[in-house]
Amino acid sequence: SFQDAVGQRPPSVLLVKALAEAAERFRDSALAHAVLKYLPANPTAALAVAVLRLCLPGAPLASQDEGVSVTQIYEQHFATVDLSQDVQAQRLVADAATKSGRTDIFEKLVRSLPDSTSRAALVKSYASDRCLIGAQRMFETCWEKDTCLHNVMLGAYIAGRDMASAEKLLSHASEAGTVDVATYNTMIKAYLQL
């Protein structure tokens, strides 16, 4: 067994990550549960991503209520881990938090992202999937809305053909002083395409 292989001392983070990847590849529930048992107190972002992927539909830790398993694992083990390197892992947590009604988990995820660029990437991910509601939810949860974040959300509204919301956002961004040349160019192009 895995426990016999590691002996009395805790396995290294790399070994646990490799175990998680094997559990995902072979869809092995026993390996996946061993991963959870041996998670270190301070997991790396790469390990967090590998474990969260075990919760995807069809993966070994996926449950009937996908949102619950993801939010529980995230809350117990990864709430302070920076997931900015993997938008898919961010989306998994954000979507699960939404499905299970856990706004606190959603807010923890947003707070764990280190900068506006990381938060904008998640908004852009929703926008590129034509999920305007997800993009809006992410945007509204961000406490700091800079030019980059406003421009990404503006693009999401335009891609979703919601010009009224785009105009409203432009007005708010202008009042907040978070507009630039790209902001105005985006709006001009949108009007030209109507």
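Thresholds, definitions, all that
Residues numbered from 1 in each chain as written. Predicted model: local features only at pLDDT ≥ 70, side-chain atom pairs only at ≥ 80, totals over all residues. Heavy atoms only, no water. Helix = DSSP H or I, 4+ residues; strand = E, 2+ residues; numbered from the N terminus. Buried < 20%, exposed > 50% of the residue type's maximum accessible area, 1.4 Å probe, protein only. Arc of directions from axis to C-beta. Contact = heavy atoms within 4.5 Å. Salt bridge = Lys/Arg side-chain N within 4 Å of Asp/Glu carboxyl O. Patch = residues over 30% accessible without salt bridge, like charges linked within 9 Å, V, L, I, M, F, W, Y side chains within 5 Å. Areas by Shrake-Rupley, 256 points an atom, 1.4 Å probe, with all protein chains shown as cover. Phe/Tyr/Trp six-rings, centres within 6.5 Å; stacked < 30°, edge-to-face > 60°. Lys NZ or Arg CZ within 6 Å of the ring centre and 35° of its normal.

Asker: How do you make sense of the environment of Ala-41 when you look at a structure like this?
Answerer: For Ala-41, the position within the fold is in the loop between α3 (29-37) and α4 (45-53). For the pair formed by Ala-41 and Ser-29, sequence separation is 12 residues and the distance between their alpha carbons is 22 Å.

Asker: What am I meant to see in helix α7 (residues 103-112) here?
Answerer: One turn of the α-helix equals 3.6 residues, which is why residues spaced by three or four share an orientation. Ile-105, Phe-106, Leu-109, Val-110 and Ser-112 are the residues of α7 that are buried. Buried residues of α7, seen end-on, are gathered within an arc of 165° and therefore sit on one face of the element. Of the exposed residues in α7, those oriented more than 90 degrees away from the buried face are Thr-103 and Arg-111.

Asker: In this structure, what is going on with the environment of Val-51? I would like to understand it.
Answerer: As for its placement among the helices and strands, Val-51 is situated in helix α4. Note: C-alpha distance between Val-51 and Glu-24 (27 residues apart in sequence) is 8.7 Å. Once residues lying within four places of it in the same chain are set aside, the contact partners of Val-51 are Ala-20, Val-35, Leu-36, Leu-39, Ile-73 and Phe-78.

Asker: Sorry if this is basic, but what is going on with the pattern of salt bridges here?
Answerer: Any two side chains of opposite charge can pair if their charged atoms end up close together. All told, the structure shown has eight salt bridges when counted by the stated rule. Across the salt bridge formed by Arg-53 and Asp-86, the nearest N and O atoms sit 2.5 Å from each other. Remark: Asp-86 occurs in the loop between α5 (66-78) and α6 (87-99) and Arg-53 occurs in helix α4; sequence separation between them is 33 residues. The exposure class assigned to Asp-86 is buried, which follows from its relative accessible area of 11%. Residue Arg-102 is joined to Glu-75 by a salt bridge in which the shortest nitrogen-to-oxygen separation is 2.9 Å. Of the two residues, Arg-102 is situated in the loop between α6 and α7 and Glu-75 in helix α5; the sequence distance between them amounts to 27 residues. Classification of Arg-102 as partly exposed rests on a relative accessible area of 23%.

Asker: Even after reading the chapter, I still don't get a nonpolar patch on the surface, so can you show me in this structure?
Answerer: Together, Tyr-184, Ile-188 and Leu-192 give the surface a local cluster of nonpolar side chains, amounting to about 340 Å² of exposed area. Relative to the assigned elements, Leu-192 resides in helix α12 (residues 181-192).

Asker: Explain the environment of Gly-101 to me, please; I cannot follow it from the model alone.
Answerer: Take Gly-101: it is sitting in the loop between α6 and α7. We classify Gly-101 as exposed; its relative accessible area is 56%. Distance in space between the C-alpha atoms of Gly-101 and Thr-80 is 20 Å, their sequence separation being 21 residues.

Asker: Got a minute to help me understand the packing of aromatic side chains in this structure?
Answerer: What characterises a pair of aromatic rings is the spacing of the ring centres plus the angle enclosed by the ring planes. Summed over all chains, the structure comprises zero aromatic pairs. When the ring centre of Tyr-126 is taken as origin, the NZ or CZ atom of Arg-137, which lies over that ring, is 5.9 Å away. A cation sits over an aromatic face here: Lys-145 above Phe-139, 5.3 Å from the ring centre.

Function cannot be inferred from these measures alone, as they are strictly geometric.
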